[in-house]
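Observations on the three-dimensional arrangement
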Amino acid sequence: MKPLIIGDLIIKTPVIQGGMGIGISRENLASAVSNAGGLGVISGINIGYDEEGFNKDPLSTNLKSLKKHIQKAKELSNNKPLGINLMVAMNFYEEHVKTAIEAGIDIIISGAGLPIKLPKFIGNSNVKIAPIVSSAKACKLLLKMWDKKYNKTADMIVVEGPKAGGHLGFHRDELEDIDSIDYDGEFIKILEITKEYGQKYDKEIPVIAAGGISTSSDVKKYINMGAAGVQVGTLFVATEECDANITFKNTYIKCKKEDIKIVKSPVGLPGRAIYNKFLEKLESNKPKIKKCYNCMETCNPSSTPYCISQALINAVNGDIDNALLFCGAEAYKINKIKTVKKVIDELISEI
């Protein structure tokens, strides 16, 4: 089994844990994954949700909490490589990038939009940058812009397919007919695009498969196709070390295939989640928004169908009936809580 090499970072086991917010992947989960040989990733969106001062001043509370959780994860993992997932669509994206760098993060993984200005924001730091893309077109556009404007290229590319959880880089009608999406074809095209820029910058740019990866056969398939590793989110929710409430973890264990739906998000992107009382109520009632956390650029409190931050905070806290329960397409296959090490060992058993 080849390690995942990202510049001067060496990840013994080529498994990246997807960043999941709000609060699903903080220092406990991320450090456990890094300690097990993979790359642990903290989600930066509203990371200070449970801190004093969050309701009054979300921005400064989040930035302070971001630094705290990164430093704690570094401490728990004995300074092993650690990533942060930052959504392009979030407000104060630049401030979060710079705070993560100050705190000692090793790699910034960024999706929910194209991180066009990310090379500018990292300046001369040695932090690695890894965009999340869902198509060869998006990959080519972004790398061309980075090359032309900043004379930089990606250190890693994450190719997220339509079976992922959370916000997705596809149109809703595509997701309703998921078999029409040629993810493998796009993946191969992205490998070629990445190779071109790797040659130009005299570096290896690892390409990571993501979205719906749940078995060692999936991992083996993409490694054989040319992937340098895989990114997995859903499987790590149902682990002992995950930062979420046990009630939330148990929704994955109890859900059936037919419970997993494509939903409309206030962010403006479709998402995948477990259908529950919260989503059922949304069909007839728009909940009153008591507080705006000013978290997403695309969200307008006067017209949004619900507050996504509050719905995700409810999820991590275990208030399931009032929560948005993001999950991947394969969540229904999970039947028990495991350790992070067990999940990783099973994922790499065939490679």
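To be clear, the structure that these remarks concern was listed above.
One structure accompanies this document, and this report is about it. (Residues numbered from 1 in each chain as written. Predicted model: local features only at pLDDT ≥ 70, side-chain atom pairs only at ≥ 80, totals over all residues. Heavy atoms only, no water.)

**Some remarks on the packing of aromatic side chains**
Rules: Ring pairs are drawn from Phe, Tyr and Trp, using the six-membered ring of Trp, whenever the two centres fall within 6.5 Å, and their geometry is named by plane angle: stacked under 30 degrees, edge-to-face over 60, tilted for the rest.
Tallying each qualifying case throughout the model produces 6 aromatic pairs. By the ring-pair criterion, three or more aromatic residues cluster together here, those being Tyr 183, Phe 187 and Tyr 222.

**Quick notes on the pattern of salt bridges**
We apply this condition: Criterion for a salt bridge: a side-chain nitrogen of Lys or Arg within 4 Å of a carboxyl oxygen of Asp or Glu. Strands here are runs of E lasting at least two residues and helices are runs of H or I lasting at least four, both read from the DSSP assignment and numbered beginning at the N terminus. Three exposure classes are used, based on accessible area relative to the maximum for each residue type with a 1.4 Å probe and protein chains only: buried under 20%, partly exposed in between, and exposed over 50%.
A complete count under the given rule lists 16 salt bridges for this structure. A salt bridge links Lys 74 to Asp 106; the nearest nitrogen and oxygen atoms lie 2.5 Å apart. Here Asp 106 lies in the loop between α3 (93-103) and β6 (107-110) and Lys 74 lies in helix α2 (residues 58-76), a separation of 32 residues in the sequence. The residues Lys 74 and Asp 106 share a single accessibility class, namely buried. Three or more residues joined by partner-sharing salt bridges are found here, namely Lys 338, Lys 342 and Glu 346.

**Here's the deal with the nonpolar core**
The condition that has to hold: By convention a nonpolar core is built from buried Ala, Val, Leu, Ile, Met, Phe, Trp, Tyr and Cys residues, the set being connected through side-chain atoms within 4.5 Å. By the convention used here, residues are in contact when the closest approach between their heavy atoms is within 4.5 Å.
Membership of the largest hydrophobic core comes to 98 residues, with the highest contact counts inside it found for Ile 108, Ile 157, Phe 236, Phe 248 and Leu 324. With sequence-adjacent residues up to four places away left out, Ile 108 is seen in contact with Ile 84, Leu 86, Val 97, Ile 101, Leu 118, Ile 122, Val 127, Lys 128, Ile 129 and Ala 130. Ranked by size, the runner-up nonpolar core spans 15 residues in total, among them Ile 11, Ile 107, Met 156 and Ala 210.

**Brief notes about the pairing of strand β12 (residues 260-264)**
Basically, it comes down to this: The rule for pairing is simple: two strands pair if DSSP sees at least two bridges between them.
Here β12 runs beside strand β13 (residues 270-274); their pairing, made up of 5 bridges, is antiparallel. Across the sheet, residue Ile 262 finds its bridge partner in β13, namely Arg 272. The hairpin turn running from β12 into β13, its antiparallel successor, is 5 residues long, and Gly 268 in that turn takes a positive phi close to 100°.

**Some remarks on the packing of helix α1 (residues 27-35) against α2**
Keep this limit in mind: Fitted lines through C-alpha atoms serve as axes, helices being fitted only where they are in contact, and the angles separating the N-to-C directions of these axes extend from 0 to 180 degrees. By convention the crossing between two helices is left-handed if the near helix lies anticlockwise of the far one by an angle smaller than a right angle, and right-handed if it lies clockwise. Here the nonpolar group is Ala, Val, Leu, Ile, Met, Phe, Trp, Tyr, Cys and Pro; Asp, Glu, Lys and Arg are the charged ones; every other residue, Gly included, is treated as polar.
With their axes 9 Å apart at the nearest point, α1 and α2 run at an angle of 35° to one another. Our pair here, α1 against α2, has a crossing hand that is right-handed. Every residue of α2 that contacts α1 at Glu 27, Asn 28, Ser 31 and Asn 35 is listed here: His 69, Lys 72, Ala 73 and Leu 76. Of the residues assigned to the contact of α1 with α2, the class counts are 2 nonpolar, 4 polar and 2 charged.

Remember, this is a structural readout, not a statement about activity or role.
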